[in-house]
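Per-entry structural report
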Amino acid sequence: MAVVTKYSQAHPDPATNARPKGIDAAGRVNAAIATIAVANGDSANSKLFIAKVPSWARILPISTVRHTAITSLNDLDIGTDDDPDGLADGLDVSSAGTKSLVAAVAVGNLHKRLWELVGLTKDPVKELSIYATMKIAATAAGTIQFELYFATEN
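First things first, this report covers the structure right here in the doc. Every value quoted in this text rests on a predicted model; they were computed, and no experiment measured them.

Looking only at helices and strands, the protein chain has two helices and nine strands in total. Ordered by position from N to C terminus, the α and β elements of the protein chain give α-β-β-β-β-β-β-β-α-β-β. Taken along its principal axes, the extent of the C-alpha atoms in the protein chain is 60 × 40 × 25 Å. Here the protein chain, with 154 residues, has 37% of them falling under the buried criterion. Taking the intrachain contacts of the protein chain between residues at least 6 apart in sequence as the baseline, contacts between residues at least 24 apart amount to 76%. One finds the centroid of the 14 positive side-chain charges in the protein chain at a distance of 6 Å from the centroid of its 16 negative side-chain charges.

Turning our attention to the pairing of strand E8 (residues 127-134). Across the eight residues that make up E8, a large majority, six, are buried. As judged from the eight bridges shared by strand E2 (residues 46-54) and E8, these two strands associate in the antiparallel manner. Residue Phe-49 lies in a different strand from E8, and its bridge partner there is Tyr-131.

This part takes up the environment of Ile-23. Within the element layout of this structure, Ile-23 appears in helix H1 (residues 22-25). Here the alpha-carbon distance between Ile-23 and Thr-152, two residues 129 residues apart in the chain, equals 5.8 Å.

For the rest of this paragraph, the subject is the pattern of salt bridges. Taken as a whole and assessed by the stated rule, the structure comprises one salt bridge. In this structure, Arg-66 engages Glu-147 in a salt bridge whose closest nitrogen and oxygen atoms are separated by 2.8 Å. Of the two residues, Arg-66 is situated in strand E4 (residues 64-67) and Glu-147 in strand E9 (residues 142-152); the sequence distance between them amounts to 81 residues. The class for Glu-147 is buried, based on a relative accessible area of 13%.

Here the focus is the nonpolar core. Ile-50, Val-53, Ile-78, Leu-87, Ile-130, Phe-146 and Leu-148 are the most contacted members of the largest nonpolar core, which has 34 residues in total. Secondary structure elements with two or more residues in this core: strand E1 (28-38), E2, strand E5 (76-80), strand E6 (83-91), helix H2 (114-117), E8 and E9. If near-sequence neighbours (up to four positions away) are discounted, Phe-146 is found in contact with Ala-32, Ile-33, Ala-34, Ile-36, Ile-50, Thr-64, Val-65, Ile-78, Leu-101 and Ala-132.

Here the focus is the sheet that holds E8. The strand order across the open sheet formed by four strands is E2-E8-E5-E6, and the pairing between neighbours is antiparallel. Each having just a single partner strand, E2 and E6 make up the two edges of the open sheet. The sheet shows a mean angle of 20° between the axes of neighbouring strands, direction not considered. Examined bridge by bridge, E5 and E8 share four bridges and lie antiparallel to one another. Among the inter-strand pairings, Leu-76 is bridged to a residue of E8, identified as Met-134.

About the criteria used
For every chain, the first residue of its written sequence is number 1, and the numbers climb from 1 along that sequence. Residue-level local features of this predicted model are given only where pLDDT is at least 70; pairs of side-chain atoms are given and counted only at 80 or more, and the full residue set underlies all totals for whole chains, interfaces and linings. Side-chain measures were taken over the full set of non-hydrogen atoms in the model, leaving aside hydrogen atoms and water. Think of it this way: any DSSP run of H or I at least four residues long counts as a helix, any run of E at least two long counts as a strand, and we number them from the N terminus. Each residue is assigned to one of three classes by its accessible area relative to the maximum for its type, calculated with a 1.4 Å probe on protein chains only: buried under 20%, partly exposed between the two thresholds, exposed over 50%. Contacts are assigned to residue pairs with any non-hydrogen atoms lying within 4.5 Å of each other. Asp and Glu are treated as the negative residues and Lys and Arg as the positive ones, with His and the ends of the chain left uncounted. To locate a charge, take atom NZ for lysine, CZ for arginine, CG for aspartate or CD for glutamate. A pair of strands is treated as paired once DSSP finds two or more bridges between them. When a carboxyl oxygen of Asp or Glu lies within 4 Å of a side-chain nitrogen of Lys or Arg, that pair is called a salt bridge. In this description, a nonpolar core means a group of buried Ala, Val, Leu, Ile, Met, Phe, Trp, Tyr and Cys residues linked to one another through side-chain atoms lying within 4.5 Å. Orientation is described by lines fitted to C-alpha atoms, with helices fitted over the stretch in contact, and by angles between N-to-C directions that extend from 0 to 180 degrees.

Now the structure itself:
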């Protein structure tokens, strides 16, 4: 084993003296708090629109989904039109709880911009609608709160 010194993309490397990109070290954090009531009988494939987010934003891993028990709704996906389950796939909200809004994103990809997470080959430089899709009908009423945090350049 060896003792090493490593620098993240958010810390300047003294050897190069290069400043980090703004989104890595001094990005602006934005929040969208969305609460949506789900009714008993809302059908499978219903869409719950959360927020519009710049395609170049980085979705922060502190983003959460808080929910009451919505009986039978054990498959809720979160994403965009480009990848409807790119952020979260198959969330079970049939019992009250809290989930990660980016549960489908691997740790190694958390630094990527939204456009990269949803499979686009280049930044379309526009706002993308983030929404949840109910893959199963609700057999009870309940509430889902989405706490979406994202960073952009200053």
